[in-house]
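# Examining the three-dimensional arrangement
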Amino acid sequence: MLEQLLIFTRGGLILWTCKELGNALKGSPIDTLIRSCLLEERSGAASYNYDAPGASYTLKWTFHNDLGLVFVAVYQRILHLLYVDELLAMVKHEFSQIYDPKRVEYFDFDETFRQLRKEAEARAEELKKVKPVGKSVNDGRKLVMKKGSGFDGGNKKNNSESNEGGNGDDGKGRKLENGHSYGNHNAAVVQGNRGMGLANGKENASSNNEAFDVTKLQKLKNKGGKKTSDTSVVSKGSKVDPKKKVTKKNRVWDDTPKDAKLDFTDNVEENVNENIEVMAADQGESMMDKEEIVSSDSEDDEYEVVSKDSKPDAKKKGWFSSMFQSIAGKANLEKADLEPALKALKDRLMTKNVAEEIAEKLCESVAASLEGKKLASFTRISSTVQAAMEEALVRILTPRRSIDILRDVHAAKEQRKPYVVVFVGVNGVGKSTNLAKVAYWLLQHKVSVMMAACDTFRSGAVEQLRTHARRLQIPIFDKGYEKDPAVVAKEAIQEATRNGSDVVLVDTAGRMQDNEPLMRALSKLIYLNNPDLVLFVGEALVGNDAVDQLSKFNQKLADLSTSPNPRLIDGILLTKFDTIDDKVGAALSMVYISGSPVMFVGCGQSYTDLKKLNVKAIVKTLLK
């Protein structure tokens, strides 16, 4: 049963709802659809599933782009209503006939909707009646199968277990729908009546000659028993005790005593600081506090490239017809008109290192927003598509919440608790280095910082973080190796609370998204300490791997968490941004797949090489 059907403008004004349905929806499926799908450029999808306590809904929608209207239908997911798409198309057609931008209420549409709904339900019932006709063939086959099982002396079990059971036709012709081998349904071949009769006769003969023999099975069992008994004798003869676990002894190269573990972090001499360069002098202002200027060059050349590549196979139109169309404008844009320009844009995005799946979804969303829209005068399709794609990219990359960490740090300071940031990611992306860059940026804003060395897995991780701490002259909390990272982080936060540190930067071990034990340990760390910010550190070099890494990280954190409301990734830190030239697509792929903003961008080797993401520059590079 249809739960709700709404018509509203793109500005959010509800024009009409079905009063007959009037079912109170659990949760807020419409708001979630707008926030998570329509505003995220995922409107090219066929449907959207919404889970609420006690209910699961499926939402389908369509647009009238020329009028700026959105039509949304909501129904229970378990029902699988077949007429929803057709009903939305009919409602869209009828409502567009009476739509007036000055009107706000459409009570006269209730009767029209009632008739449209009856028509759609009647057609769906007709489709249901047509489908059982196809099932009757299978039912007939099952019936013949039961009859055929009695032709071999009434032994039903033998025929069901045999691989070549015949249908008992004795070589005579048979109708096509019943002339097949019942022992193997997938091996049925449609042939003439005569050929089918011959095939069935052969199958019957083979089934009678090669009937299942119980005595053979008994002999095989006896042979198998003898083999097992022989093996048992061999196992008894051997002196290996399966209960005792064989452990490999460590090789001793000389007579010196062997250390119990390779952990040399407990007894560190204090004079090591003399050999480390202490960064007492200020390296300068961090790039986070510098404004990046984007040149506002005209993009006419880009539009020319799109227009040249947009229709390589299309016939060249005459000069007069193309001029007339550009002046008068096209009546309504169709999908066929948009496909060449969208294909060129998709290829361009993929050359910029955008994941193929993301580029395809973006093009589908842009097509859905432009289809049916009237083309303005003196406007080309390529430029219209490019402008729509630019708006979509800006909307995706622009953060929807505040990413001002300094404000959040001061808010936490007023509550007399440290602001905790956890850095997570795969191996070798630069978590520890960029953690030090963030620490340097915070120090410039007079914020006291403490590092927590929770990478107790990788050799040298604690020493690396100690080096950064000595250079930046900030405290570090570590417990060495082979410790539980969640406990180390908890003790570090307690130590920061006692010492009055404003921010705790937690370094974690790199882990692949498929490593479940390490992902479980990370989920435990986040659940036990409840950090204020979970930063995913990812390389700007990755393409399709960005989708896999972020989606699986979020999925594992949600699945392995013991909390009913698990914490997921809150923000992204992109590293090695200075090595990719114009291949900036990883930023788009990561933001699109996770919905989290890019909060920092690492662009060099020094502590000052950390900056904000310039959305306009990224969009311009993607479409260049």
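The chain goes by SRP54-type proteins GTP-binding domain-containing protein in an unreviewed UniProt entry, where it is assigned to Salix udensis. The Sequence similarities (unreviewed entry) comment attached to the chain in UniProt states, word for word, "Belongs to the GTP-binding SRP family." In UniProt, the chain has this text filed under Subcellular location (unreviewed entry): "Endoplasmic reticulum membrane".

When helices and strands are tallied, the chain shows 19 helices and 13 strands. When the accessible surface of the chain is summed, it comes to about 35800 Å², and 52% of that surface belongs to carbon and sulfur atoms.

Two elements, strand β1 (residues 2-9) and strand β2 (residues 14-17), share 3 bridges in a ladder whose sense is antiparallel. Along β2, the bridge assignment pairs I7 with W16. Connecting the antiparallel pair β1 and β2 is a turn made up of 4 residues, with G12 showing a positive phi of about 105 degrees.

All right, on to the UniProt feature "domain: SRP54-type proteins GTP-binding" (unreviewed entry) in the chain then. Residues annotated by UniProt as "domain: SRP54-type proteins GTP-binding" (unreviewed entry) correspond here to residues 597-610. Between the end C-alpha atoms of residues 597-610 there is a gap of 16 Å, over a span that is 0% helix and 43% strand.

Here helix α19 (residues 615-622) lies mainly inside the structure; 7 of its 8 residues are buried. Buried residues of α19: V615, A617, I618, V619, K620, T621 and L622, and no others. Elements in contact with the buried residues of α19: α9 (335-351), α11 (381-397) and α18 (585-594).

Another aspect to go through is unusual backbone geometry. Notably, R416 is not glycine yet its phi reads approximately 60 degrees, a positive angle. Mapping R416 onto the fold places it in the loop between α12 (405-414) and β6 (419-424). Judged by its relative accessible area of 76%, R416 falls in the exposed class. Even without being a glycine, N530 presents a positive backbone phi close to 50 degrees. Secondary-structure assignment places N530 in the loop between α16 (516-529) and β10 (533-539).

Turning to the sheet that holds strand β4 (residues 55-64), a few remarks are in order. Strand order in the open sheet formed by 5 strands is β2-β1-β5-β4-β3, with antiparallel pairing between adjacent strands. With one partner strand each, in any of the chains shown, β2 and β3 (48-52) form the two edges of the open sheet. In this sheet, adjacent strand axes meet at a mean angle of 25 degrees when their direction is disregarded. Note that β4 and strand β5 (residues 69-76) share 8 bridges and pair antiparallel. Note on β5: the bridge partner recorded for T58 is Y75. Each of β1, β3, β4 and β5 touches helix α1 (residues 29-38); the most contacted strand, β4, lies at about 60 degrees to it.

Calculation rules
Residues numbered from 1 in each chain as written. Predicted model: local features only at pLDDT ≥ 70, side-chain atom pairs only at ≥ 80, totals over all residues. Heavy atoms only, no water. UniProt positions renumbered as here; feature names shortened; annotations may be inferred. Helix = DSSP H or I, 4+ residues; strand = E, 2+ residues; numbered from the N terminus. Areas by Shrake-Rupley, 256 points an atom, 1.4 Å probe, with all protein chains shown as cover. Pairing = 2+ DSSP bridges. Buried < 20%, exposed > 50% of the residue type's maximum accessible area, 1.4 Å probe, protein only. Contact = heavy atoms within 4.5 Å. Axes fitted to C-alpha atoms, helices over the stretch in contact; angles between N-to-C directions.

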